[in-house]
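Spelled out, the chains give:
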Amino acid sequence: MTADPECIFCRIVAGEIPADVVHESATTLAFRDLMPQAPTHVLVIPRSHYPNAAALATGEPATAAHLFDAAREIAADEGLENGYRLVFNTGADAHQTVFHVHMHLLGGRSMDWPPG
Ligand code: AMP
């Protein structure tokens, strides 16, 4: 497993920073976003440090699939039968601010398209 001691999400994985964890597996961790943008807003991350989704898919393709398995389980736990949105912000134009890949799972309200 790769880790970056400067990375805030690696520090959550290591238990050095608290988080409201809602799901975990051998390869993934999911916790509530500090600034929720929907009634359910959970970040699903790999335990290993990769800067974005493409790097994860190349480095640990099985773990990339585990993120989607976790999202399905969390959506069921959160009662999101009407649907939900999965987002990977990647790079500056998408306003990625944390460079440890994370899947946003958003649900519990109707959403607009296109996104802002
Ligand atoms: P992004 O803009 O896609 O990089 O999203 C980063 C997300 O991480 C934002 O929605 C932040 O609110 C969230 N965030 C940053 N630090 C924490 C933290 N310590 N615990 C939970 N969420 C966080």
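Look up: the structure comes first, before these words.
Note that this is a predicted model, so its numbers are computed, not measured.

K.L.:
How should I be thinking about the site of the ligand in this particular structure?
P.N.:
Neighbouring residues of the ligand: 16 residues in total, closest Asp33, His95, Thr97, His102 and His104. Interatomic distance of 3.2 Å between a backbone N/O atom of Leu34 and a nitrogen atom of the ligand. For the ligand, an oxygen atom lies 2.8 Å from a polar atom in the backbone of His95. Alone, the ligand offers 510 Å² of accessible surface; in the complex the protein occludes 84% of this. More than half of the atoms belonging to the ligand lie within 2 Å of the grid points that define the largest pocket. Looking at the shell around the ligand, the elements with two or more residues in it are α1 (8-13) and β2 (28-32). Broken down by class, the residue content of the shell around the ligand amounts to eight nonpolar, six polar and two charged.

K.L.:
Help me understand unusual backbone geometry in this model?
P.N.:
Both trends apply: most residues other than glycine have a negative phi, and most peptide bonds are in trans. In this chain, Trp113 is followed by Pro114 through a cis amide linkage whose omega measures 5°. For Pro114, the location among the structural elements is in the segment after β5 (103-107). For His95, which is not a glycine, the phi torsion comes out positive at approximately 65°. Structurally, the position occupied by His95 is in the loop between β4 (84-87) and β5.

K.L.:
How should I be thinking about the side chain of Thr28 in this particular structure?
P.N.:
Relative to the helices and strands, Thr28 is located in strand β2. Judged by its relative accessible area of 1%, Thr28 falls in the buried class. In this structure the side chain of Thr28 is engaged in a polar contact, spanning 2.7 Å, whose partner is the side chain of Ser25. Discounting chain neighbours no more than four positions away, the residues touching Thr28 are His23, Ile45, Pro46, Arg47, His66, Leu67 and Ala70.

Conventions we followed
Residues numbered from 1 in each chain as written. Predicted model: local features only at pLDDT ≥ 70, side-chain atom pairs only at ≥ 80, totals over all residues. Heavy atoms only, no water. Near = heavy atom within 4 Å. Polar contact = N/O pair within 3.5 Å; in protein donor to acceptor, adjacent residues only side chain to side chain. Areas by Shrake-Rupley, 256 points an atom, 1.4 Å probe, with all protein chains shown as cover. 1 Å grid on protein atoms, 1.4 Å probe; cavity = no way out; pocket = protein on both sides within 12 Å on 5 of 7 lines; lining within 4 Å. Sits in = over half its atoms within 2 Å of the grid points. Helix = DSSP H or I, 4+ residues; strand = E, 2+ residues; numbered from the N terminus. Nonpolar A, V, L, I, M, F, W, Y, C, P; charged D, E, K, R; others polar. Buried < 20%, exposed > 50% of the residue type's maximum accessible area, 1.4 Å probe, protein only. Contact = heavy atoms within 4.5 Å.

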